[in-house]
Amino acid sequence: MYSAKMPDGFLWGGAVAAHQLEGAWNVDGKGMSVADVMTVGSATKPREITDGVIEGKNYPNHSAIDFYHHYKEDIKLMAEMGFKAFRTSIAWTRIFPNGDDEQPNEAGLKFYDDLFATCHHYGIEPVITLSHFEIPFNLVKKYHGFTNRKLIDFFVRFATVCFKRYKDSVKYWMTFNEIDNQAAYTEDFLMATNSGIILNGLTDKEKEAAMYQAAHYELVASALAVKIGHKINPDFQIGCMINYSPVRPLTPSSDDVLLADKFEQRRDWFSDVHVFGEYPKEVEAYIERNGYRPDITDEDRVVLKEGTVDYVGFSYYQSTTVSAEKVKPDELNDLSKAIAKNPTLERSDWGWEIDPEGLRISLNHLTDRYHVPLFIVENGLGAYDKVEKDGSIHDDYRVDYMRKHISEMEKAVELDGVDLMGYLPWGPIDLVSAGTGQMDKRYGFIYVDKNDAGEGTLKRSRKDSFDWYKKVINSNGADL
Ligand code: BGP
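Residue numbering note: each chain is counted from 1, following its sequence as written. With the structure being a predicted model, the display of local features is reserved for residues of pLDDT at least 70 and the display and counting of side-chain atom pairs for 80 or more, all residues being used for whole-chain, interface and lining totals.

Labelled according to an unreviewed UniProt entry, the protein appears under the name 6-phospho-beta-glucosidase, originating from Lactobacillus panisapium. The UniProt entry for the protein carries this comment under Sequence similarities (unreviewed entry): "Belongs to the glycosyl hydrolase 1 family." UniProt positions are given in the numbering used here, feature names are shortened, and annotations may be inferred rather than shown by experiment.

Shown next, in the form of structure tokens:
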């Protein structure tokens, strides 16, 4: 298998999000976020988004793996693997419990002071996402999330407070996690988590119109934050974060090839705006042709130009394959209609296609398009783990998945000349799945004793992959 040493300073580590591991959902003044009103689902049953917290329902994010009270032990384990960087998010509702509060919550700010100090104690660089699927629920109910321009101010206030407070302890930032997920605007779950909008009862056309508005306000909010962040500390590296999935045509037919292109454009525009500071022509034409009239002012366009990002952070889990049998290229609106099963790829237990070469293709595509440094800030395999009688966990499937992906990443850096900042696989410690709310969809090198029903001791233990990843980091990627 191909392997190569990564450049000096390469940021090996892992990535999580506050709401998926911290727990302590209403402790020390934290307010309720959209993640706190979501129940447990499964591979086949979507999570329910409830109207607040209803007694008797299981809300897994409320306690998660209680990282809030275990972070010292958890960061120590990550340091043992040799982590150089740790990506997490700042829970917006720990800082502004309702989102529209005038003053921040000191106890929330203090928690992250302590967390970042613990990281630095071990020489681990924090990499921080400002908004990772945890918008204050009050902003969802009172303002309809990012369909309301006021959300720009609330987000910018939150970002500014964080930039000022952590200006000497955090260098790497990202604004909105997987901002492009909302391209799949018919999925109510994604619209709620990404943009804080609950679209019950709207037609698909209305949902799409709401998405273009919310996405625009998020992009303006992001650009303003980038601009302000650079003023507060010119050394900040502030990136965007997209869910990148290279698009493959199912057959070599012109329709399939064109459809794959159109599909890709419809997702790439989010990162286009972040990097170039302007909308791509294709998307402006599409919005116009479909009669959507999002509120986009001339002033907004100036802001977008002034707040372009320093790097593109992205998650990579799988590629996407499309077929024009299902929808013709010019009729493409609801992206989910174009997706076909790729007959050449294996799937995880949750149906996610496994495509290591897709990672190399992604790195090449993003480099060609953007000419800025890239950062892999999520990648990994969600799987069921079996704990043996002696407590060991032989997760060779996880090692196999990661080894193949890292090998493709190393080809992209070494053979294709990609400028890559680091590799932060998802969920180095088991945590609550964002998509399903399950605990048993596990990504970790560190096992946490807790199941889907919420039972367990929360004890942490090392899986086989723990030692394997430690060896990879120790050899700077040469020993896979
Ligand atoms: C990404 C999210 C993460 C994470 C990951 C895995 O989309 O940014 O928050 O959860 O996917 O997804 P899941 O947890 O549904 O397996």
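On we go from here.
A.B. asks: Which parts of the structure should I look at to understand the packing of helix H13 (residues 396–414) against helix H14 (residues 464–474)?
C.D. replies: Packed helices, taken two at a time, are described by the angle their axes make and the gap between the axes. In this analysis, axes come from line fits to C-alpha atoms, helices being fitted only over the stretch in contact, and the angle between any two N-to-C directions falls in the range 0 to 180 degrees. Only DSSP runs of H or I with at least four residues qualify as helices, and only runs of E with at least two residues qualify as strands; both kinds are numbered from the N terminus onward. At a closest axis distance of 9 Å, the pairing of H13 and H14 adopts a crossing angle of 25 degrees. One finds that H13 runs roughly parallel with respect to H14. Both H13 and H14 take part in a crossing whose hand is right-handed. When H13 is examined against H14, the residues Asp396, Arg398, Val399 and Ile406 are found in contact with a partner set consisting of Asp464, Ser465, Trp468 and Val472. Any angle from 65 to 115 degrees is called roughly perpendicular, while one under 35 is roughly parallel, one over 145 is roughly antiparallel, and all others are oblique. It is the rotation of the near helix from the far one that decides the hand of a crossing: anticlockwise by less than a right angle makes it left-handed, clockwise makes it right-handed. We call two residues in contact when the distance between their C-beta atoms, placed using the backbone, is within 7 Å.

A.B. asks: Please explain helix H2 (residues 67–81) as it appears in this structure.
C.D. replies: Because each turn of an α-helix spans 3.6 residues, side chains separated by three or four positions end up pointing in the same direction. Take the residue count of a helix, subtract one, and multiply by 1.5 Å to get its expected span. An ideal rise of 1.5 Å per residue puts 21 Å on 15 residues; H2 reaches only 18 Å between its terminal C-alpha atoms. At Glu73, H2 shows its maximal bend, which comes to roughly 40 degrees. For H2, the set of buried residues is Phe67, Tyr68, Asp74, Ile75, Met78 and Met81. Buried residues in H2 make contact with strand E1 (11–15), helix H1 (18–21), strand E2 (85–89), helix H4 (106–121), strand E15 (460–462) and H14. Looking one or two places after H2, you find Gly82, whose phi comes out positive at around 95 degrees. Bend is the name given here to the angle between axes fitted to two runs of seven residues, the run ending at a residue and the run starting at it. With C-beta atoms placed from the backbone, a residue is labelled by how many other C-beta atoms lie within 10 Å of its own: buried for 20 or more, exposed for 12 or fewer, partly exposed between the two.

A.B. asks: I'm lost on the sheet that holds strand E4 (residues 172–176) in this one. Help?
C.D. replies: Two orientations exist for strands paired in a sheet by backbone hydrogen bonds: parallel and antiparallel. DSSP calls a pair of strands paired once it identifies at least 2 bridges connecting them. The sheet built from eight strands closes into a barrel, its strands ordered E1-E2-E3-E4-E5-E7-E12-E13 with parallel pairing. Here the strands of the sheet are splayed against their neighbours by 30 degrees on average, with no regard to which way each runs. Pairing analysis gives four bridges linking strand E3 (residues 125–131) to E4, with the strands arranged parallel. In the strand pairing of E4, Ser131 is matched with Phe176.

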